Amino acid sequence: MATKVAAHYISEKVSKVRWLPEKLQQSDRFVTGSWDMDTNFVRVWRLHSNPYAENVDHTPRCNDKVAMENDVTGLEFVNNDTLAVSCADGHISILNVQRAVEEDQIERTARSERLHEFKCSKTSAPCTAIAVYGTDVATVGEDGCVNVLNASNLKQVKRTIEADSMSLLAVTYVGQHQLVTANRMGVIRMFDTRSGGEGQPKIAFMAACQDAKSSNYVSSIATHPMQQHILICGSEEGSITVWDLRNLEYPASYLSAHNSPITDIGFHRQDPSKLFTAAEAGEVWMWSEKKTHIDPSQQDGKSAWLSGDRVRALVNVDGVLTNIRKAVNSFDVHGTRLVCGSDTEAVYIVDDIL
Amino acid sequence: MNDDIVPQFELGDVLAMRCGNTLTASFVPGSSKIAMSAYRPVKWSSRDAPTDTAGEDPVLIYMAEETTLYTEPLLRSLLAETNATFETLQTLGQAPNGVLKTQEYMKISRTYRSIIRCCLEKLEHAKKMPEVQENELKEQRYTEAIMTFYAIECLWHLFEILYMQQQHNQMVVPQLLEWTRFHYPHTEDRATDLLLMAEEASECDSYWDTLKKLIMLGQLDVTRAILSQHRKSNQAAFQAAEAILKSMPIYQDGYALQKFCSQWEYWQVDLERKLASHVFAAEPELEVLMHLIKGNNESWDKELLKSQDWYEYLPGYLLYTRPTCKPFELRIAVTNWLNRWSQLRPNWQMTQLSRMVMQLMEHDVKLFIYDAQKLNDSHWFATHLIDLIYHTGHLKSYFEQQTIDLTALRHSMIFEYGSYLMTSHNLWQLGIDYLDCCKHEGTAAIELLLPRIPLRNERQAFKILALAKRRGLINVEQDICKVLSKRAYNDQRYGSALEWATRSKDVLLVTAIADFILKHYSRTGIMLCQDVITSIGARMFISPRLVFLSKYYEFYEFYRQRDFLSGAELLINLLASKITPDYFWPSLLIDALPLLESEDPKIFSKETIAILQHLEMELVPLIERNKLNTAKFNNQTSKTVFKDYRVENVEEILDLMRLACARNLARALIIENTAPTS
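Residues numbered from 1 in each chain as written. Chains lettered and ligands numbered in written order. Predicted model: local features only at pLDDT ≥ 70, side-chain atom pairs only at ≥ 80, totals over all residues. Heavy atoms only, no water.

Caption draft 1: Here's a closer look at the overall build of chain B. Tallying secondary structure elements over chain B gives 33 helices and 3 strands in all. A compact globule built from 678 residues should have a C-alpha radius of gyration of about 26 Å, whereas chain B, at 42 Å, is more than 25% larger. For chain B, the C-alpha atoms occupy an extent of roughly 145 × 85 × 50 Å along the three principal directions. For chain B, the proportion of its 678 residues judged to be buried stands at 48%. Within the structure as shown, chain B displays about 34900 Å² of accessible surface, and the carbon and sulfur contribution to it stands at 55%. Counting 73 positive and 86 negative side-chain charges, chain B places the centres of these two groups 4 Å from one another. (Helix = DSSP H or I, 4+ residues; strand = E, 2+ residues; numbered from the N terminus. Rg over C-alpha atoms; globule rule 2.2 N^0.38 Å. Buried < 20%, exposed > 50% of the residue type's maximum accessible area, 1.4 Å probe, protein only. Areas by Shrake-Rupley, 256 points an atom, 1.4 Å probe, with all protein chains shown as cover. Lys, Arg positive; Asp, Glu negative; His and termini not counted. Charge placed at Lys NZ, Arg CZ, Asp CG, Glu CD.)

Below, the structure written as structure tokens:
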């Protein structure tokens, strides 16, 4: 792999990073959210070609920023220029990005009521993750609740589910109305956003763990972009558990990967044969399905990820970023470019990833 | 950058002034602030009574905090980036020694400098922004930061030239010229202007001044270019000057020194002869230039009066007088030069920067390091430089001569700097890397400081836990989990509390929370946080009480699903398990009652006897004991002792239980003994 990595120090611990969606071309704008700073910002960046150094093609420049009330915990695009941001004060906001020739602009258009709070002390509970399906936005928080809202009307919460009695760390949509959440114990639950309270299906399964006596939270979950029944979770011990949602009795595969908690996991949007994982110890790995290796069992359309112990033989692992030594908190891939945000207070841009 | 001025605080409010402006102060726990208030000096002989003016003036409390440059976000990137370079250096230090290592160290040094320069550039840029221009305080902060880091870069660069390279036979003059060129860019800017003006330049007022400065900075090529554009450049004097400048021998690596020296001498004599024969007499300004090149003291002295700092033209002077100067010869040259300078400018005050430059050139590294620690950069410079010195080992013998323990010095600098970062708000992730280099003390400091980072949310807590885990600091992990468990418990989030407690692996805490859940159940009949208990799995083995809780919950679930047979079996196991807490005995035995009394028998005779045995051996003595205890507080009955929602009266329950057992035993015995034996 001939990849070029460029680090850009931006004086902020980055908790989330996302490319701006572009349909036909390589995106050259991205947004970052910061955490643990005096003032946390959501910033929009733009890549400018770099006339000086020969090894670095582009340098990002901050075009605009919006100050948030607390740590940014989630960033997802609802459509081309609308961005849902979850914040550790229990609120979410909708930001609007305006692409321009010179300076892009970003502004806040709406902010929700407090969605997550601890019932007894009436203090705000951090909103920990966010997921988007169409215009629906689902949030989870440390209070164990799931809230579903519509991005165009943040004042009205469509559904609140008291999902768990401890904090939820990750959420994702597996269908238009199906949500999957993961909690601090590694318990993954499935919910239906259409029914409230008692009507919820009681589907719960647990992420595998090497040492059954220690806790193993699931920090991130992702679904396969084409085969929606494949659910992949990254956990505290650094392992990856794959589930086939059609058969929840046991996990389809289990891979021990990183030595530190996985912080982010996700498939390449356009090329689902590639999976990326980021870890607390400062690593980003790329897992690619081997194309040449076709055996009969695979021809029934079964994904390599569901093949149990044989996954290792069917998938290649490459280190995209290693040796950063501090947590890579988030990444996003668009086309051939990968951007990572890290606790080193830098963003890393990797070119020619494929 | 004024040094030797100790900052002073005074309160000066009415109350403080009344007793002579004295104050008292104490550190505010959990922060780096100091709280100060007025104070009346009290001696052993003063009378312990309120003063006449007591209560007249308000007591004002002032909060003071150490100022730091790093509150400015732009400077954070400097810290973060140098942290990465620092780590690279540590790994490099552990690698086996090799030839290339010196070059690698050089690269590291340059990386540090380029980080500073990049940061300076950003600061300069930011300073020009309108929002900074309007805010005087902010602008001043920027100016201060720029000054500090500019000085640091300047000193680091000089250090690199003098101490980082191979020492033998090395010529310092060309590099020193480069150094001054970098730090006095004004002349060069002027020169560029002149070059662009081409022929018109010669009419410019500053033409000759600029040329003189260029000569004194040793920039001969530029001088020649400008001179060749002069209107009279075809005249003999200019042609001769061009020839002199062109033919000046420049020492190059690998050139025989002897040969160079003879060439140099020849060139010098030639120039002298030309000056003596008044070749340049037609152009007096040009003649001054030539005198400068000759190293004529009078001409130099005249120009020196205009220079900004003592070291500005030193490298240039060396170029014309001692072009082959070696680092160790520099010391003498500098002393002479400084004597000359102080005679010329007796009233001139040395700034900290110029003094530190002097220390470096005079090979007074000890004092230099001492002064470096006085810079307003929270020891950033001193720490990183000393670390680099330690790794390169170039100054090893120097420090040995000076009886300075370099290893200990480096250790303490890194330790202090790391602790500073760890304790200042949101720089802890950087600080921990420095403390990691400090062996036992570092580990101990991490162990103390890590749990003191304010926990704002779980995500941050997990990061701290991961750091602690990587370093094997089990105590820190436990402490943090316990704090979070307690916090959740106080907030009535019992599921969360239980999970944090199991993470902490603290038996007492887990037991306490399990106890709470069991007691709450026996009091109200409501089982708390069922989802957590269901999925607790193998983690239950931390505490026997938790094992009991999850096993009891299993029974509770069987019961709810009307799977009485499995339920009965589990219940008998629980009764026999010896982990039942005292307060839960009544609850547990009452749970057996419906099973004993159900229409179709569910419990065998043997088990019934066991239940009866537990009833008599465990519960009855328990009640007796409790009665004995409560007898002392007369009007309490056993009812209040066991706060079970189903227990109206324990004695009544006892009778009911005995009856039920007897009935079930009779029934079970009959069935068991009449059953067809196979």
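Caption draft 2: Representation of the pairing of strand β4 (residues 40-49) of chain A within the structure. Residues and elements named next belong to chain A. Among the 10 residues of β4, 8 are classified as buried, and the element is accordingly described as predominantly covered. Strand direction decides the pairing type here: strand β3 (residues 29-34) and β4, joined by 5 bridges, are antiparallel. Residue Val31 lies in a different strand from β4, and its bridge partner there is Val44. Remark: 5 residues form the turn of the hairpin made by β3 and β4, two consecutive strands paired antiparallel; Asp36 in that turn has positive phi of roughly 60°. (Pairing = 2+ DSSP bridges.)

Caption draft 3: Just the state of the cysteines, in detail. Residues and elements named next belong to chain B. For the structure shown, the criterion picks out 0 disulfides over all chains. Free cysteine Cys118: the closest other cysteine sulfur is in Cys119, separated by 7.0 Å. Exposure remark for Cys118: the relative accessible area of 33% places this residue in the partly exposed category. Cys261 carries a free sulfur, and the closest cysteine sulfur to it, the one in Cys325, is 12 Å from it. (Disulfide = S-S within 2.5 Å.)

Caption draft 4: Structural detail: the sheet that holds strand β5 (residues 58-68) of chain A. Residue and element names in this part refer to chain A. Read across the open sheet, the 4 strands follow the order β2-β3-β4-β5; overall the sheet is antiparallel. Each end of this open sheet is capped by a strand with a single partner; those strands are β2 (14-19) and β5. Strand-to-strand twist of the sheet, defined as the mean angle between neighbouring strand axes without regard to direction, takes the value 25°. (Axes fitted to C-alpha atoms, helices over the stretch in contact; angles between N-to-C directions.)

Caption draft 5: Representation of helix α20 (residues 406-423) of chain B in the model. All names here are of chain B. For α20, which comprises 18 residues, the first-to-last C-alpha distance of 26 Å matches the rise-based estimate of 26 Å (1.5 Å per residue) to within 8%. Residues of α20 that are buried: Leu406, Arg410, His411, Met413, Ile414, Tyr417, Gly418, Ser419, Tyr420, Leu421 and Met422. In the core, the buried residues of α20 are packed alongside α2 (73-94), α18 (380-392), α19 (396-401), α21 (428-436) and α22 (439-449). (Expected span 1.5 Å × (residues − 1). Contact = heavy atoms within 4.5 Å.)

Caption draft 6: Looking closely at the interface of chain B and chain A. The interface is formed by 44 residues belonging to chain B together with 43 residues belonging to chain A. Summed over both partners, the interface of chain B with chain A buries about 3900 Å², with 46% contributed by carbon and sulfur atoms. Looking only at chain B, the three residues that lose the most surface to chain A are Arg459, Lys463 and Arg539 of chain B, adding up to 17% of its buried area. Counting every contact that joins chain B to chain A gives 12 salt bridges. Between Arg456 of chain B and Asp36 of chain A there is a salt bridge whose closest N-O contact spans 3.1 Å. Those elements that place two or more of their residues in the side of chain B that touches chain A are α2, α21, α23 (458-470), α25 (494-504) and α27 (530-534) of chain B. (Buried area = accessible area lost by both parts, 1.4 Å probe. Salt bridge = Lys/Arg side-chain N within 4 Å of Asp/Glu carboxyl O.)

Caption draft 7: Representation of the packing of helix α10 (residues 236-247) of chain B against helix α12 (residues 284-294) of chain B within the structure. All names here are of chain B. Across the interface, α10 lies against α12 with an axial gap of 11 Å and an inter-helix angle of 20°. Here α12 runs roughly parallel to α10, going by the angle between their axes. The two elements α10 and α12 meet at a crossing, and its hand is left-handed. From α10, Ala237, Phe238, Ala241, Ile244 and Leu245 reach across to α12, where they touch Leu286, Met290 and Ile293. Looking at the contact of α10 with α12 residue by residue, the class counts come to 8 nonpolar, no polar and no charged. (Parallel < 35°, antiparallel > 145°, perpendicular 65-115°, else oblique. Left-handed = near helix turned anticlockwise from the far one by under 90°. Nonpolar A, V, L, I, M, F, W, Y, C, P; charged D, E, K, R; others polar.)

Caption draft 8: View of unusual backbone geometry. Of note, Asp352 of chain A is a non-glycine position whose phi angle comes to about 50°, a positive value. Among the secondary structure elements, Asp352 of chain A is positioned in the segment after β30 (346-351). A positive phi angle is found at Lys578 of chain B, which is not glycine, with a value near 65°. Examined against the element boundaries, Lys578 of chain B turns out to sit in the loop between α29 (564-576) and α30 (585-597). For Lys578 of chain B, a relative accessible area of 76% translates into the label exposed.

Caption draft 9: Representation of the pairing of strand β28 (residues 328-334) of chain A. All names here are of chain A. For β28, the tally of buried residues reaches 7 of 7 residues, placing the bulk of the element in the interior. Two elements, β28 and strand β29 (residues 337-342), share 6 bridges in a ladder whose sense is antiparallel. Directly across from His334, in β29, lies its bridge partner Arg337. Hairpin connection from β28 to β29: 2 residues lie between these consecutive antiparallel strands, with Gly335 at a positive phi of about 60°.

Caption draft 10: Quick look at the packing of helix α28 (residues 544-560) of chain B against α29 of chain B. Residues and elements named next belong to chain B. Packing of α28 against α29 leaves a shortest axis separation of 8 Å and a crossing angle of 155°. Taken together, the axes of α28 and α29 lie roughly antiparallel to each other. Note on packing geometry: the crossing formed by α28 with α29 is left-handed. Across the interface between the two elements, Phe548, Lys551, Tyr552, Glu554, Phe555, Phe558 and Tyr559 of α28 pack against Phe564, Ser566, Gly567, Leu570, Leu571 and Leu574 of α29. Here the residues of the contact of α28 with α29 are counted per class, giving 9 nonpolar, 2 polar and 2 charged.

Caption draft 11: Local environment of α29 of chain B. All names here are of chain B. Along its 13 residues, α29 runs 18 Å from first to last C-alpha, staying within 8% of the 18 Å computed at 1.5 Å per residue. Looking at α29, one finds that the buried residues are Phe564, Gly567, Ala568, Leu570, Leu571, Ile572, Leu574 and Leu575. Count one or two residues on from α29 and you reach Lys578, which has phi positive near 65°.

Caption draft 12: Broad picture of the sheet that holds strand β2 (residues 33-38) of chain B. Residue and element names in this part refer to chain B. Strand order in the open sheet formed by 3 strands is β1-β2-β3, with antiparallel pairing between adjacent strands. Across the chains shown, the open sheet's two edge strands, defined by having one partner strand only, are β1 (23-27) and β3 (61-65). For this sheet, the mean inter-axis angle between neighbouring strands, taken without regard to orientation, is 30°.

Caption draft 13: Looking closely at the nonpolar core. Core analysis: the biggest nonpolar cluster contains 141 residues, and Leu338 of chain A together with Phe149, Trp310, Met361, Trp380 and Phe381 of chain B have the highest contact counts within it. Among the elements that make up this core, the one with the highest residue count is helix α5 (residues 136-163) of chain B (14 residues). Not counting residues within four places of it along the chain, the set of residues in contact with Met361 of chain B comprises Leu158, Leu162, Leu176, Trp179, Trp310, Leu314, Leu330, Arg331 and Val334 of chain B. One finds Leu509, Ile536, Ile542 and Ala568 of chain B within the second-largest nonpolar core, a separate group that totals 60 residues. (Core = buried A, V, L, I, M, F, W, Y, C linked by side-chain atoms within 4.5 Å.)

Caption draft 14: Structural context of a nonpolar patch on the surface. On the surface, Val59, Ile61 and Met63 of chain B cluster together into a nonpolar patch covering about 340 Å² of accessible area. Using a relative accessible area of 60% as the deciding quantity, one classes Val59 of chain B as exposed. (Patch = residues over 30% accessible without salt bridge, like charges linked within 9 Å, V, L, I, M, F, W, Y side chains within 5 Å.)

Caption draft 15: Spatial organisation of the confidence of the model for chain B. All names here are of chain B. Within chain B, residue pLDDT values average 85, and 94% of them lie at 70 or more. Scored below 50 in pLDDT, residues 634-641 makes 6 contacts in the model with residues more than four places away or belonging to other chains. Reported confidences for the modelled complex are a pTM of 0.86 and an ipTM of 0.94. (pLDDT = per-residue confidence, 0-100.)

Caption draft 16: Layout of the packing of aromatic side chains. One pass over the structure, following the stated rule, counts 45 aromatic pairs over all chains. Ring pairing ties together the aromatic residues Tyr521, Phe548, Tyr552, Tyr553, Phe555, Tyr556, Tyr559, Phe564, Tyr583 and Phe584 of chain B, which thus form one cluster. Cation over ring: Arg43 of chain A sits above Phe41 of chain A, and NZ or CZ is 5.0 Å from the ring centre. (Phe/Tyr/Trp six-rings, centres within 6.5 Å; stacked < 30°, edge-to-face > 60°. Lys NZ or Arg CZ within 6 Å of the ring centre and 35° of its normal.)

Caption draft 17: A look at the pattern of salt bridges. Residues and elements named next belong to chain B. Taken as a whole and assessed by the stated rule, the structure comprises 65 salt bridges over all chains. Here Asp371 makes a salt bridge to Lys374, at a shortest N to O gap of 3.5 Å. You can call Asp371 buried: its relative accessible area is 3%. Between Arg545 and Asp515 there is a salt bridge, and its shortest N-O distance comes to 2.6 Å.

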